[in-house]
Structure formats: C-alpha cells, structure tokens
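Residues per chain are reported as follows:
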Amino acid sequence: MNDFNIILFLCSWGPHPAYQTLQDRAADIPSEIKMVRIPCAGRISKALLFKPFEMGADGVALVGCPAGSCRYGAGTTNANANEEDTRGILHLLGLGSQRLRLANFMPEDADGLLSFLRDFASEIIRMGKTPVSPPAKDKALSDLAEAARKAIAQNNVYSCQDCGKCSSSCPLTLAGKPFSPRALAASIISGSLSEPTVQKDVWACLTCGLCSERCPSSVNFPQFIREIRSILKGTGSGSAEVHGGFLQSLMRTMASPGVQTRHWDWITHEVRTDPAAKTLFFGGCAPYFDIFFGRHLGVKTTRMITDSIKLLNFFDITPALLPDERCCGHDLLWSGDRENFLALARLNQEAFGSSGAEEIIVSCPECYRTLSVDYPAHGIDIPLKITLLHDLIEREVDKGAVAFTPHGGVVTFLDPCRMRYLPKGRELPRKLIARLKPSAFKEMKEGGASSDCCGNCAWIGCDAFSKALQVKRIAQAKASGADLLVTGCPKCQIHMKCAMEDPFLGPDLTMEVEDLTALIVRSIHWE
C-alpha cells in the first residue's frame, strides 16, 4: 500500500487546465499526489505552505503561472518569496528544503506538468517518509463548567473584589478596546464561558500581568487565562493565532520526536563553541523569526544570539550548543496548547539531561521564564542550573577589570513582560544600561514598574488595538527624548519594527531599536 502523501497546490488559471488535460487523457499522474485547487499560487502564504508538513505531509508542490501571465499581477513574485522562505524553515527544521518545490505552467504544457509531478514524486520517495508525526489533538472535556471552576479556584479568581484596578491598568483597555479583566472573570464565574464575546476576550488578553500586579486580592489573571485557553482548545474554539498560525505550527512540528533540527546551521565562525563544554547556551527561535519576518520587517534577531555568545566568549566561556535545539514551547503553553507544549518540554528535558552540561545560559526572557518556572510547574524537571544572560554579565562585571566605552546617546528601555516579574527583572537591565554610560537614560511614560506590553503575546490576538498599543509605546519612547529604544526580547523588537510600518504614521514612528546585548558587546572591554 502506498503511504506517501504529497500535497499539490494548483493554480486555477494556467496549470489547472493542463492538469485537466492530463485527467482527460487518463495520464499516469503519481498516486501519491493529492491535488488542492487554489485561486492563485501567490495566495498560498508561508503558513499555508507549511501547514501540510505540520500534519505529516511528505512533500508539497506549489504550481502557478509563469511570470508575466499571473491574473493577479504579483502572484508569481509572492509565490517565489513564500516558497524560498518556507524552504529555509524546512532546512532549519532538518526536514529538507527539497520537500517543497515551486513550478509554473501554462494551460498548453500538460506534458511539462506531468514530467514535473513524476520527478517530484520520485524525489520525495527517494528522501523517504517525513519524520513529523501529526500533532497531539486537544482533549475534549466532558464537563467544561467543572474545569472552569477548578481554574477559577486555583487562581484565586473568586477573591475578585470588583474594584476595577485591573481594568484601569490593562493596556488593552487603555488602548480603547472594550475589554475588562474583571468583567471577563465575572462572566466566567457566572457560567458564560460558551458565550462568543467571552471567548473572544479570552483570546484577546495579552497575559502581561499588570492586572495581577495591581490586584489587591492577588488574582493570578494571566495564569487563569492560560488555563481557560487550554480548556477552550478542546472545544475547537478559535485561538486567534496570527500570521495564519505559522509559528504555532512550527512549534508543534518540533514536538515530533523524529525531527532532528539543524538549528545552528546559520552560525558564523566569529563565535567560539565547544560541544564538550559544561555550559550550554540555549538560543531560542530567532533563526525562524528572521526568515519569517525578514522580507517585511528586515529584523535581525539572530544578532541577539550571536552577541550573546560573543559576550560569553569575552568572559572566557565557550558554550556547547544543542545541534538539534528545539523551541522551549512558551507560545504553545500561553496559547492553550498544553498537550504539545508538554510533548516539546519532555523532548527538551531529555536533550538537556543527555547533553552532559551543568548549566544552561538563556538570553531570551520568554525562554528563561519557560525553562525555570513553567517546566517545573508542569512536572518537567530540568537537572541543570538555568541562568539568564543578564545575570551572568552583571556577575562577571562585578568581579572587576571590565570597562565600557561610553555609549553617548540618550536611551530608554522597553521591559519584556516575561522579565518584569522575575527577581531583579526591572532593575538589572537598567543597571547594565547605566554601566554603558549613556548621555542620559530616560524612562518613558508607563515604563519601569508601570511598563506596558509591546502589544502581543504568544502570537495570538493581534488586532487594531494591539497595533495601537505598539504605536503608543514607540510614541512614548520618542517623547522621552531618547534617540535609541533598547529592548531585551526578540519579539518586542519585531513588534516595534512592525509598528513602524504604519502607512500613515511611519515617518513619525521611525526610531532606532537595539537589543541590550548588542549594546554591551560593542562597548565592553578589559581594562
């Protein structure tokens, strides 16, 4: 029995008539190919190109019209860009970029199309079955009301005093969105979880934690929302995943045990690593972010990783790297996909345990929070010391003999949500910035202890209000008088860059954005 599965996305205009000709002739089209008719090859986004691979497809062919013949003008150009980027992702995942192929045919070229399909099917069979297992399905709960009651009790939601301090501090509410944490909590307590408006607000919450910080009753609202999302996942409730759900698909794919990523293929020789080292550096998802967002935003979040390793090298630390490093699972957990988060966490637990390392250095605040807090909370024990890079830098600098070339500019800092609530999470970045001796450090309005979110979390719920929040944060940074906005999280940088693409306010929002590690690595030196 043939068990290969190849998805063919076929444009309705040029190649589909050619395909119909093959069918009329009863041509021997490879049986492994499953055809999906589409309006234009350029309409198949990176998320749609990648989705079949998440579900276990062995190959994907995207067939459109030759350049100059696209009915929609830019279809061929868009298809070329999306195919190239998705191939890059497949390479990093270790699946093989050859599993995706783009071709273009006119209606009269039926023989050329048949030759392409046969050649591609042969190539996929030669490569073998995909190592990706279809992701675990969300478990449907028989009693949603009871599950919700447990989430309410575990997170102290019954203690809500309806005082309104949560709503008065919520960034989304202040951005004008008709959203209230206390109203949402009250609706769920009253048994209205199945109401569409309630479910919509569950997915809208940024889980930034400002509401919980202000709550006099210590209601853990972010964790409560996370639990409710997990409950709703089993009902098939839409999770408002942005970018077509691409980033969640990517992470669920990495939860397959058979996947052996090539996570570090991009790393340059300017950094030193040692596979036998007792210190392991965990880099995070920046390589995937750069491919996915690179054309649109020009982000270079991999610089954060390279600069982090350079700083370790500066302190004579030559770290090991996991060749097949996977995502930490932060976004799966916070978007309610607990089953696949746990599958990914267990794979990471095994990889860390067998690495021979004694300490993990992490530069991404979301990775640090996930490994040090969320893994243990879900019964995933990591028998290694987990250290945030900023802590290591401060510790090493305190030993002396280290100096910094003064930065000279005026800077401000955007606090990552997952760092603000960690010990020294607010103070440490500012202490490091002070060591760089800028001309001035200007705290932006709603900065520090009252710092707002960058507008999105876990790649869900991005809308006009979260975009307004991003625009507001940049406006506040510029209003502070700073000429440089410093971040400590790759996603904050991506979201700030995205806000600068505003077609109306773009010129007024243009501002230099830099990661803190980049500033440090450029100025640190031995005395």
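Scroll up to find the structure.
Computed from a predicted model, the values in this text were never measured in an experiment.

Undergrad: Please set out the pattern of salt bridges residue by residue, giving values where relevant.
TA: For the structure shown, the criterion picks out 33 salt bridges. Two residues, Lys46 and Asp85, come together in a salt bridge whose shortest N-O distance is 3.2 Å. Note that Lys46 is positioned in helix 2 (residues 46-54) and Asp85 in helix 3 (residues 75-92), a separation of 39 residues in sequence. Accessibility classification places Lys46 together with Asp85 in one group, the buried group.

Undergrad: Explain the environment of Pro107 to me, and be specific about the residues and the numbers.
TA: Secondary-structure assignment places Pro107 in the loop between strand 4 (100-104) and helix 4 (110-127). Residue classification places Pro107 among the partly exposed residues on the basis of a relative accessible area of 31%. Put simply, Pro107 and Arg149 are 42 residues apart on the chain and 60 Å apart in space, counted from C-alpha to C-alpha. Once you skip the residues sitting within four places of it in the chain, Pro107 turns out to touch Trp13, Gly14, Pro17 and Ala18.

Undergrad: Before we move on, can you summarise the environment of Gly356 with the specific residues and values?
TA: Relative to the elements of secondary structure, Gly356 occurs in the loop between helix 16 (338-354) and strand 6 (359-362). Note on Gly356: relative accessible area 36%, which makes it partly exposed. On a C-alpha basis, the gap between Gly356 and His495 in space is 36 Å, while along the polypeptide they are 139 residues apart.

Undergrad: Please set out helix 14 (residues 302-314) residue by residue, giving values where relevant.
TA: Given a rise of 1.5 Å per residue, 13 residues ought to cover 18 Å, and the 18 Å separating the end C-alpha atoms of helix 14 matches this to within 8%. Across the 13 residues of helix 14, eleven count as buried, placing the element largely inside the fold. Along helix 14, the residues classified as buried are Thr302, Met304, Ile305, Thr306, Asp307, Ser308, Ile309, Leu311, Leu312, Asn313 and Phe314. Directly after helix 14, the chain includes Asp316, whose backbone phi takes a positive value near 60°.

Undergrad: I'd like a rundown of the side chain of Ser256, residues and numbers included.
TA: Mapping Ser256 onto the fold places it in the loop between helix 12 (246-254) and strand 5 (279-282). By relative accessible area, Ser256 is classed as buried at 2%. If we skip the residues at most four places from it in the chain, Ser256 touches Pro131, Val132, Ser133, Arg326 and Leu347.

Undergrad: Can you break down the nonpolar core residue by residue, with the values?
TA: Counting 104 residues, the largest nonpolar core has Leu62, Ile188, Ile228, Phe293, Phe352, Ile360 and Leu371 as its most contacted members. Among the elements that make up this core, the one with the highest residue count is helix 11 (residues 221-233) (six residues). Those residues within four positions of Ile228 in sequence are excluded, and the remaining contacts are Ala148, Ala151, Ile188, Leu193 and Val202. Listed in part, the 31 residues of the second largest apolar core include Ile309, Ile393, Phe413 and Leu484.

Undergrad: Explain the sheet that holds strand 4 to me, and be specific about the residues and the numbers.
TA: With parallel pairing, four strands are arranged side by side in an open sheet as 2-1-3-4. Because the sheet does not close on itself, it has two edges, and the strands there are strand 2 (33-38) and strand 4. Adjacent strand axes in the sheet meet at a mean angle of 20°, parallel and antiparallel pairs treated alike. One ladder, built from five bridges, connects strand 1 (residues 6-11) with strand 3 (residues 59-64); its direction is parallel. Across the sheet, Ile7 pairs through a bridge with Val60, a residue of strand 3. Relative to the sheet, helix 1 (residues 15-24) contacts strand 1, strand 2 and strand 3, its axis offset from that of strand 1 by approximately 120°. Contacts from helix 4 reach strand 1, strand 2, strand 3 and strand 4, with the element oriented near 160° to strand 3.

Parameters and conventions
- Residues numbered from 1 in each chain as written.
- Predicted model: local features only at pLDDT ≥ 70, side-chain atom pairs only at ≥ 80, totals over all residues.
- Heavy atoms only, no water.
- Salt bridge = Lys/Arg side-chain N within 4 Å of Asp/Glu carboxyl O.
- Helix = DSSP H or I, 4+ residues; strand = E, 2+ residues; numbered from the N terminus.
- Buried < 20%, exposed > 50% of the residue type's maximum accessible area, 1.4 Å probe, protein only.
- Contact = heavy atoms within 4.5 Å.
- Expected span 1.5 Å × (residues − 1).
- Core = buried A, V, L, I, M, F, W, Y, C linked by side-chain atoms within 4.5 Å.
- Pairing = 2+ DSSP bridges.
- Axes fitted to C-alpha atoms, helices over the stretch in contact; angles between N-to-C directions.

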